[in-house]
Amino acid sequence: MKPQVREALRRSRARDFSFAQGRILGSMCTLPHPAAVEAFTQFMETNLGDPELFPGTQELECKAVERLGHWLHAPAGMGGRMTSGGTESNLTALWIFTSLTGKREVVVPQHAHFSFAKAASLMQVKIKDLPLRNQVADARRLQQTLTPDTACVVGVAGTTNLGLVDPIEEMSEMCREEHVPLHVDAAFGGLVIPFLRSLGKTERRFDFELPGVSSVAVDPHKMGLSVIPSGMLLLREERWWEEIAVASACTHTQRQVSLLGTRPGGAAAATYAVLEELGWEGYREVVRSCMETTEYAARMVEEAGFSLAARPELNLLGVQVTHPQEVAARLSEKNWKVGVDPARGCIRIVCMPHVKKTLIDDFVSDLRSVTA
Ligand SMILES: Cc1ncc(COP(=O)(O)O)c(C=O)c1O
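Summarised in this report is the structure supplied together with it. (Residues numbered from 1 in each chain as written. Predicted model: local features only at pLDDT ≥ 70, side-chain atom pairs only at ≥ 80, totals over all residues. Heavy atoms only, no water.)

1. Comments concerning the site of the ligand
- Surveying the vicinity of the ligand reveals 13 residues, the closest of which are Thr 87, Thr 160, Asp 185, His 221 and Lys 222.
- Here an oxygen atom of the ligand sits 3.2 Å away from a polar atom, N or O, in the main chain of Gly 86.
- Protein coverage of the free-state accessible area of the ligand, which is 390 Å², stands at 83%.
- Take the shell around the ligand: its biggest share by element is three residues, from helix H4 (residues 86–101).
- Residue composition of the shell around the ligand, grouped by class: two nonpolar, eight polar and three charged. (Near = heavy atom within 4 Å. Polar contact = N/O pair within 3.5 Å; in protein donor to acceptor, adjacent residues only side chain to side chain. Areas by Shrake-Rupley, 256 points an atom, 1.4 Å probe, with all protein chains shown as cover. Helix = DSSP H or I, 4+ residues; strand = E, 2+ residues; numbered from the N terminus. Nonpolar A, V, L, I, M, F, W, Y, C, P; charged D, E, K, R; others polar.)

Here you go:
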């Protein structure tokens, strides 16, 4: 590389924040695991959009899908693909279910991620709001929200703002009775809840063990410690993918079954590598540690006189402050990057693996001073 190019890169990168330096509290991403970085580098040139050229990479995608599918109780006959993240997974799920059913309405809880608004706009789908009760989707109101034109219902396992889990069990029951597909957006919670359950810290069920769940979105580039862009969409039935198949004469495989054309094989290799490297026990330890930090943060914040918007179910806290945008701006002057949730009057702290207790101590001290 020319020295001046290297220098330009260095200067630009120096302007960025880094998860390694720690003061990022409002992101669902984190420092990727070294195994993911190594695999990503090795597979950088590979393209899953043309798997005839890269059968080895495709095999790694299949293995990653199999492993995550197994952890999420996916039945035999399921089918999954890597995506670029939660947005693409959610969009693809709605694309598949509107095509499969020929219907044009989607029931979405009011706190769902904005990717559903993008999907609705792009596909001219009508969003029917499912109201909240006690801050999660009100399953009792689901039936009255369904119409003969409902293509699918969305439930969220790990909400973006507060990390809460919708009553997926009740939603699954109703969707099964009404023969409506249920898509679970577990972009964040999909790699948290299974381990919390195994630690005895939650009893929430949200995945394919519930018979009404048709699809699950889970993001390895969030709590999976993989590289960006790593998402995954799992469908209860592999054959449903056929709904979005198109002929692609210019690729060696002649057809594609994905929203993206060229797809980063490096992300699949990285996800496979970190799933293998950490395994169930490794992730369980990551989640145990993140929850311990979350509980510590909750205690410190409350002791400092702030209220939480909800008891944290996952490793995410909403801290109530007056004028959250102003508070976030003042924190930003001290190099803290927090999320803002103006609707709930909160700043939002995600206790990702790079967030340690000492960091929480420094943060709470600065939070006190900027709100004094
Ligand atoms: C619940 C949920 N779903 C979907 C997404 C979108 O994920 P991405 O930004 O990877 O597209 C997010 C992102 O924060 C999320 O929290």
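2. Notes on the sheet that holds strand S15 (residues 346–350)
- With respect to topology, four strands assemble into an open sheet ordered S12-S13-S15-S14, the strand pairing being antiparallel. On the outer flanks of this sheet lie strand S12 (307–308) and strand S14 (339–341), each paired with one strand and no other.
- Here five bridges tie strand S13 (residues 316–320) to S15, and the two strands are oriented antiparallel to one another. From the neighbouring strand, Gln 320 faces S15, where its bridge partner is Cys 346.
- Strands S12 and S13 of the sheet are contacted by helix H9 (residues 265–303), whose axis makes an angle of about 10° with S13.
- Those strands touched by helix H10 (residues 324–333) are S14 and S15, and its axis lies near 50° from that of S15. (Pairing = 2+ DSSP bridges. Contact = heavy atoms within 4.5 Å. Axes fitted to C-alpha atoms, helices over the stretch in contact; angles between N-to-C directions.)

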